[in-house]
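Remarks on the overall topology
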Amino acid sequence: MRLSYKAPLRSKDKFRVLSGVSRVTGARAVMDEVILKSVTNGDGEEKDMVIAKCQVTMVVLDGDYKATRLPAAIKDVFTTLMQEASASSGGHSEHYMC
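Below or above, wherever it landed, is the structure these notes cover. Position numbers for residues start from 1 in each chain and track the written sequence from start to end. The model is predicted, so local features are restricted to residues of pLDDT at least 70 and side-chain atom pairs to those at 80 or more, both for listing and for counting; the totals for chains, interfaces and linings are taken over all residues. To obtain the side-chain values, all non-hydrogen atoms of the structure were used and water was disregarded.

Describing the pattern of salt bridges
Only one rule defines a salt bridge in this text: a Lys or Arg side-chain nitrogen within 4 Å of an Asp or Glu carboxyl oxygen. Summed over the entire model, instances satisfying the criterion amount to 2 salt bridges. Across the pair Lys-37 and Asp-13 runs a salt bridge whose closest N-O atoms are separated by 3.4 Å. Of this pair, Lys-37 sits in strand 3 (residues 28-40) while Asp-13 sits in the loop between strand 1 (2-5) and strand 2 (15-24); the two residues are 24 residues apart in sequence, bridging distant segments of the chain. Across the pair Arg-16 and Asp-48 runs a salt bridge whose closest N-O atoms are separated by 2.2 Å. Pair noted here: Arg-16 is in strand 2 and Asp-48 is in strand 4 (residues 46-61), with a separation of 32 residues, a long-range link. Going along the chain from the N terminus, every DSSP run of H or I of four or more residues is numbered as a helix, and every run of E of two or more is numbered as a strand.

Laid out in structure tokens, this is it:
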């Protein structure tokens, strides 16, 4: 996992978490997450400020804790998520807003 903090969140801040599958191979799936805070600029316009970025690489381990290929069903799910998010919103899907 790679995590990069850009700015803090404070109590009662409004924020969104965007998440998407960016790469799927035979042995791993990579997900990217971005936390965005809603801020108002000097003109009264609301904009998104990046609070944090995260990239998570997922692998499957066998009984000996060695990386093994993704099962076909899991690979298919991640591939479908990647294709759907890429087609609808530039690679990320919005998970929730607080």
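Having seen it, we continue.
So, the environment of Ser-4
With respect to the helices, strands and loops of the structure, Ser-4 is situated in strand 1. Throughout, exposure labels follow a simple rule: accessible area from a 1.4 Å probe, protein chains only, divided by the maximum for the residue type, with under 20% read as buried, over 50% as exposed, and the rest as partly exposed. Given a relative accessible area of 27%, Ser-4 falls into the partly exposed group. Dropping the residues within four chain positions of it, Ser-4 is found in contact with Ile-51, Ala-52 and Lys-53. Any pair of N or O atoms that falls within 3.5 Å is considered a polar contact. Within protein, one atom must be able to donate a hydrogen and the other to accept it, and sequence-neighbouring residues count only if both atoms are side-chain atoms. A distance of 3.2 Å separates polar atoms of two side chains, one belonging to Ser-4 and the other to Lys-6. Only heavy atoms enter the contact rule, under which two residues are in contact if any of them lie within 4.5 Å.

Some remarks on the side chain of Lys-37
Overall, Lys-37 belongs to the buried group, its relative accessible area being 16%. Only 3.4 Å separates the side chain of Lys-37 from the side chain of Asp-13, close enough to count as a polar contact. Beyond its immediate stretch of four places on either side in the chain, Lys-37 contacts Pro-8, Leu-9, Asp-13, Lys-14, Phe-15, Lys-47, Asp-48, Met-49 and Ile-51.

Describing the nonpolar core
Buried Ala, Val, Leu, Ile, Met, Phe, Trp, Tyr and Cys residues that are joined via side-chain atoms within 4.5 Å together make up what is termed a nonpolar core. Counting 6 residues, the largest nonpolar core is built from Val-21, Val-24, Ala-29, Met-31, Leu-70 and Phe-78. Taken together, the elements giving at least two residues each to this core come down to strand 2 and strand 3.

As for the side chain of Gln-55
Residue placement: Gln-55 occurs in strand 4. A distance of 2.9 Å separates the side chain of Gln-55 from the side chain of Asp-32, its partner in a polar contact. Other than its neighbours up to four places away in sequence, Gln-55 contacts Met-1, Arg-2, Ser-22, Val-30, Met-31 and Asp-32.

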